[in-house]
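Close look at the chain arrangement
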Amino acid sequence: MPVSAPTPAEIATLHQRATEAAQNSYSPYSRFRVGAAILLHPDDSQEGAIVAGTNVENASYRLTCCAEQAAIAAAVTLYGPAIRIRAVAVVNLNGAASMPCGACRQTILEFADPETPVFYPSANGETVAATLAELLPAAFRLTPK
Ligand code: THU
């Protein structure tokens, strides 16, 4: 499926939805409030549908769910297993850099293409755009014989 680049309006809405989701962050341990929003291909949902998620921590720290994974789980729940991701935005309310963690990069790849853009805040507060292939080169793919 060809990837159409997100419009400036779609990117702005992605950031807004991610920021709104971050307000609901359950992060009593790290106090790091993350929001993620994913833009879906129109074939899978309403035109320009956006689904957001936030991080949900746990007293058993490793059970924490990242914002990106929460957004993807919500999107599959809402629109089904055929969803494809056109763009991702990650934000945090801490004024810090936050690129998707390694596990989230692999999770995004499951539903996206290598050229899918991911927007995230850099250390100086500016939003950076990188493709998934740049963030996750030599990604794992299951190719059983
Ligand atoms: N976190 C995310 O939500 N997404 C990432 O890609 C990296 C980390 C969350 C998990 C945890 O609640 C907090 O940030 C600190 O690691």
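Residues take numbers from 1 onward in each chain, read along the sequence in its written order. Predicted model: local features are reported for residues with pLDDT of at least 70 only, side-chain atom pairs are reported and counted for 80 or more only, and whole-chain, interface and lining totals are derived from all residues. Hydrogen atoms and water are omitted, and side-chain values are computed over all heavy atoms in the structure.

What to know about the overall build of the protein chain
Selection rule: Helix and strand definitions here come from DSSP, where helices need a minimum of 4 consecutive H or I residues and strands a minimum of 2 consecutive E residues; each element is numbered from the N-terminal end. Only the C-alpha atoms count toward the radius of gyration. The rule for a globule is 2.2 Å times the residue count to the power 0.38. Burial here depends on accessible area, computed with a 1.4 Å probe over protein chains only, as a share of the maximum for the residue type. Under 20% is buried, over 50% is exposed, and the range in between is partly exposed. Any two residues having at least one pair of non-hydrogen atoms within 4.5 Å are treated as being in contact. Here the accessible surface of atoms and residues is derived via Shrake-Rupley with a 1.4 Å probe, and residues count as covered only by protein chains that are part of the display.
Each helix and strand counted, the protein chain has four helices and five strands in total. From first element to last, N terminus to C terminus, the protein chain shows the α and β order α-β-β-α-β-α-β-β-α. The C-alpha radius of gyration of the protein chain comes to 14 Å, within 12% of the 15 Å expected for a compact globule of 145 residues. Its C-alpha atoms give the protein chain principal-axis dimensions of about 40 × 40 × 30 Å. The 145 residues of the protein chain split such that 43% are buried. Here the analysis covers contacts within the protein chain between residues at least 6 apart in sequence; of these, 64% occur between residues at least 24 apart. Accessible surface, the protein chain: about 7,600 Å² in total, of which carbon and sulfur atoms supply 57%.

Here we look at the pairing of strand 1 (residues 34–40)
Under the convention used in this document: Any two strands with at least two DSSP bridges between them are considered paired.
Among the seven residues of strand 1, seven are classified as buried, and the element is accordingly described as predominantly covered. Both faces of strand 1 are covered, namely the face carrying Val-34, Ala-36, Ile-38 and Leu-40 and the face carrying Gly-35, Ala-37 and Leu-39. Taken together, the seven bridges between strand 1 and strand 3 (residues 85–92) define a ladder with antiparallel strand orientation. Bridging across to strand 3, Leu-40 finds its partner in Ile-85. Bridge count between strand 1 and strand 2 (residues 50–54): five bridges; the pairing is antiparallel. Bridge assignment links Ile-38 to a residue of strand 2, and that residue is Val-51.

With respect to the site of the ligand
To keep it simple, the criterion reads: We call a residue near a molecule or strand when any one of its heavy atoms sits within 4 Å of it. Definition of a polar contact: a pair of N or O atoms within 3.5 Å, with one able to donate and the other able to accept a hydrogen when the atoms are protein atoms, and with sequence-neighbouring residues admitted only if both atoms are side-chain atoms. Each residue is assigned to one of three groups, with Ala, Val, Leu, Ile, Met, Phe, Trp, Tyr, Cys and Pro labelled nonpolar, Asp, Glu, Lys and Arg labelled charged, and all others, Gly among them, labelled polar.
What surrounds the ligand is a group of 13 residues, the closest being Asn-55, Glu-57, Ala-67, Glu-68 and Cys-101. One of the side-chain nitrogen or oxygen atoms of Glu-57 is found 2.4 Å away from an oxygen atom of the ligand. At 2.9 Å, a backbone N or O of Ala-67 approaches an oxygen atom of the ligand. In isolation the ligand has 370 Å² of accessible area, and contact with the protein removes 78% of it. Across the shell around the ligand, the residue classes break down as eight nonpolar, three polar and two charged.

Describing the side chain of Arg-105
What counts is decided by this rule: His residues and chain termini do not enter the charge count, which takes Lys and Arg as positive and Asp and Glu as negative. Take a side-chain nitrogen of Lys or Arg and a carboxyl oxygen of Asp or Glu: if they are within 4 Å of each other, that pair is a salt bridge.
Looking at the element boundaries, Arg-105 is found in helix 3 (residues 102–109). No salt bridge forms around the buried Arg-105; measuring N to O, its nearest opposite-charge neighbour Glu-68 is 7.6 Å away. With residues near it in sequence (within four places) discarded, Arg-105 still touches Met-99, Pro-100, Leu-132, Leu-135 and Leu-136.

Side note on the packing of aromatic side chains
Condition: Two aromatic rings, drawn from Phe, Tyr or Trp (for Trp, its six-membered ring), form a pair once their centres lie within 6.5 Å of each other, and the interplanar angle then sorts them: stacked below 30 degrees, edge-to-face above 60, tilted otherwise.
Following the criterion strictly, the structure yields one aromatic pair and no others. Their ring planes at 40 degrees and their centres at 5.4 Å tell us that Tyr-29 and Tyr-61 sit as a pair that is tilted. Of this pair, Tyr-29 sits in the loop between helix 1 (8–22) and strand 1 while Tyr-61 sits in the loop between strand 2 and helix 2 (67–79); the two residues are 32 residues apart in sequence, bridging distant segments of the chain. For Tyr-61, a relative accessible area of 59% corresponds to the exposed category.

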